[in-house]
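# Residue-level structural notes
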Amino acid sequence: MTQLNINLNLEELIASVNNSDMNELMKAMAVTVFNACMEAERDEYIQAQRYERHGERADQRNGYYERDYTMSIGKLKLRVPRTRNGGFSTQLFSKYKRMDQAFVLGLMESVINGVSTRKVTKIVEQLCGESISKSCVSEIMKQLDPIVDEFRNRSLTYDSFRYIYVDAVYIKVHEENHVVSKAVYIAQGVNSKDRREVLGLKIGEAESEQNWRSFLQSLRTRGMTQPKMIISDAHSGLVKAIREEFPGTKWQRCTAHFIRNITDKMPNKGSKHIRQLVSKVFRTRTLQEAKEARVSLEAEIGDNPKYQSSLAILDDGFMDALQYLSEPESYHISLRTTNSLERLNLEIRRREQVIKIFPNEASGVRLIGAVLMDYHEKWEKNPRPFLRSFDDE
């Protein structure tokens, strides 16, 4: 077994303790341990300790390069060992979380394919050392792609999902020497234990009834049973697809989107009270209360022409936005909007905005799939269910 030599910088550690900066202490210790681990890895690769001479050594030491490594405690500056023939590669950085691996890989592919900015190139150099190669990218892909593919194509027969949330976000992809916009279709479900799961991911063309039907059919093909309710925005193609593929399922129109549709037609000035009345309609506990709140809203507006287009939108989608009222009251806050899925989309956006343009569709699937996998696993480990009855409070 390779011996691990750790040389502690006692002055730095003592200073950190005396200053009660425990975060700096942890960072100093992490740097020391990681550098020692990489040094031991190089010794094992070379098959010789420092200054040891024998005929079986595989390579020669060739100094170090500095590299930043970000952890939950902050950014670490590490000294990564080199060898003369360049064959040595530390395994430390392969222990990134999947999400981080996919993110770095997306950046690498962007640089290699020449579609990134100088800023992204600098980030890659900081993360990956002095240079990157296609073979390096290929090796990471071999490890990550099968895991993501297995997750997003897994069978869904192991449980039933009463409530399904679906949404689409858009990304830019480099395709045949030009940049195109692609839709990312995502499904989130609530299982029999009232916990969230990521059920589906697909990247395809722009939203349409045909494309949404294809996505929903893929969930059914993998064994998803008919849900009790599907929550989404009011994209016409999506609504038609839901009604075609799941004719016995209730469709809940996202009230957050619906309220925005209604209030967007109102004048900006002097409409605060009316906007509050609109929100009140969708904060009620029963259908009767919602109808009464709607009557109060209409009485307040009267014949005012500034609000008639808003009332028309309300009339058209009133019942679709109140389907959640037929479910247990403690579930209402979670079922009336797609907010839980929107927060997941924000995590995707946060990483996508760094890459800007994915070098290919597979890169998008890899990164977004890895993000979704990590959140799926967080939800599994969360001791509290997503939907809770009042008895659970």
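Look up a bit, the structure's there.
Residues numbered from 1 in each chain as written. Predicted model: local features only at pLDDT ≥ 70, side-chain atom pairs only at ≥ 80, totals over all residues. Heavy atoms only, no water.

### Details of the overall build of the protein chain
Applied cut-off: Strands here are runs of E lasting at least two residues and helices are runs of H or I lasting at least four, both read from the DSSP assignment and numbered beginning at the N terminus. For every residue, the accessible area obtained with a 1.4 Å probe (protein chains only) is divided by the maximum for its type, and the residue is called buried under 20%, exposed over 50%, and partly exposed between those limits. We call two residues contacting when some pair of their heavy atoms lies within 4.5 Å. Reported accessibility uses the Shrake-Rupley method at a 1.4 Å probe radius. Residues are deemed covered only where the shown protein chains occlude them.
Helix and strand content of the protein chain: 14 helices and eight strands. In the protein chain, which comprises 393 residues, the proportion classed as buried is 47%. Once local pairs closer than 6 in sequence are excluded, the contacts in the protein chain between residues at least 24 apart make up 64%. When the accessible surface of the protein chain is summed, it comes to about 20,900 Å², and 48% of that surface belongs to carbon and sulfur atoms.

### Examining the packing of helix α6 (residues 209–221) against helix α7 (residues 236–245)
Just so we agree on the cut-off: An axis is simply a line fitted to the C-alpha atoms; with a helix, the fit covers only the stretch in contact. Between two such axes, the angle follows the N-to-C directions and lies from 0 to 180 degrees. The scheme is simple: roughly parallel for angles under 35 degrees, roughly antiparallel for over 145, roughly perpendicular for 65 to 115, oblique for anything else. The handedness criterion is simple: a crossing whose near helix is rotated anticlockwise from the far helix by less than a right angle is left-handed, and one whose near helix is rotated clockwise is right-handed. Any residue outside Ala, Val, Leu, Ile, Met, Phe, Trp, Tyr, Cys, Pro, Asp, Glu, Lys and Arg is labelled polar, Gly included; the first ten of those are nonpolar and the last four are charged.
The contact between α6 and α7 brings their axes to 8 Å, and the two run at 40°. In terms of orientation, α6 lies oblique with respect to α7. The two elements α6 and α7 meet at a crossing, and its hand is right-handed. Here E209, W212, R213, L216, Q217 and R220 of α6 lie close against α7, whose contacting residues are G237, L238, K240, A241, I242, E244 and E245. For the contact of α6 with α7, the class distribution of residues is five nonpolar, two polar and six charged.

### Things to note about helix α13 (residues 339–355)
Which entries qualify depends on this criterion: Helix span, as expected, comes to 1.5 Å for every residue beyond the first.
The first and last C-alpha atoms of α13 sit 25 Å apart over 17 residues, in line with the 24 Å expected at 1.5 Å per residue. For α13, the complete set of buried residues consists of S340, L341, L344, N345, E347, I348, R351, E352 and I355. Phi for K356, located one or two positions after α13, is positive at around 70°.

### Brief notes about the pairing of strand β7 (residues 250–253)
Using the following cut-off: A pair of strands counts as paired when DSSP detects no fewer than two bridges linking them. Here a crossover is taken to be right-handed if, once the strands point away from the viewer, the path from the first strand over the helix to the second is traced clockwise.
Of the pairings in the sheet, the one linking strand β6 (residues 229–232) to β7 comprises four bridges and is parallel in character. By the bridge assignment for β7, S232 is matched with R253. Crossover connection from β6 via α7 to parallel β7: handedness right-handed.

### What about helix α9 (residues 272–281)?
It helps to recall that an α-helix has 3.6 residues per turn; residues three or four apart then point in one direction. In plain terms, the rule: Picture the helix axis, draw a direction to every C-beta atom, and the arc is the one those directions span.
I274, L277, V278 and V281 are the residues of α9 that are buried. End-on view of α9: buried residues confined to an arc of 100°, all on one side of the axis. Exposed side chains of α9 directed beyond 90 degrees from the buried face belong to K272 and K280. The secondary structure elements touched by the buried residues of α9 are α8 (255–263) and α10 (287–301).

### Some points on the pattern of salt bridges
A pair can form between side chains of opposite charge whenever their charged atoms are brought close. Our working rule: We define a salt bridge as a contact between a side-chain nitrogen of Lys or Arg and a carboxyl oxygen of Asp or Glu at a distance within 4 Å.
The full count for this structure, using the stated rule, is 20 salt bridges. Here R61 ties to D43 by a salt bridge, and the two come within 2.4 Å at their closest N and O atoms. You can see R61 sitting in strand β1 (residues 61–71) and its partner D43 sitting in helix α2 (residues 22–46), a full 18 residues away along the chain. Exposure class is identical for R61 and D43. Each is buried.

### Some details on the packing of aromatic side chains
Two descriptors summarise a pair of aromatic rings, namely the distance from one centre to the other and the angle between the planes of the rings. Inclusion rule: In this scheme Phe, Tyr and Trp rings, the latter by its six-membered ring, pair at centre separations within 6.5 Å, and the angle between planes marks the pair as stacked below 30 degrees, edge-to-face above 60, and tilted otherwise. Distance and angle both matter: a charge sits over a ring if NZ of Lys or CZ of Arg is within 6 Å of the ring centre and within 35 degrees of the ring normal.
Under the counting rule described, the total for this entry stands at eight aromatic pairs. With a centroid separation of 5.9 Å and 70° between ring planes, the pair formed by W212 and F215 is classed as edge-to-face. Taken as a pair, W212 and F215 lie in helix α6 at a separation of three residues, close to a single helical turn. Relative accessible area serves as the criterion here: at 0%, W212 is assigned to the buried category. Summarising the aromatic geometry, the rings of F258 and F282 are spaced 5.6 Å apart at their centres and angled 75° between planes, so their arrangement reads as edge-to-face. Within this pair, whereas F258 is found in helix α8, its partner F282 is found in the loop between α9 and α10, the two being separated by 24 residues in sequence. F282 carries the same exposure label as F258, and that label is buried. Grouping aromatic residues by their ring pairs yields a cluster made of Y185, W212 and F215. Over the aromatic face of Y64 sits the side chain of R42, whose NZ or CZ is 4.8 Å from the ring centroid.

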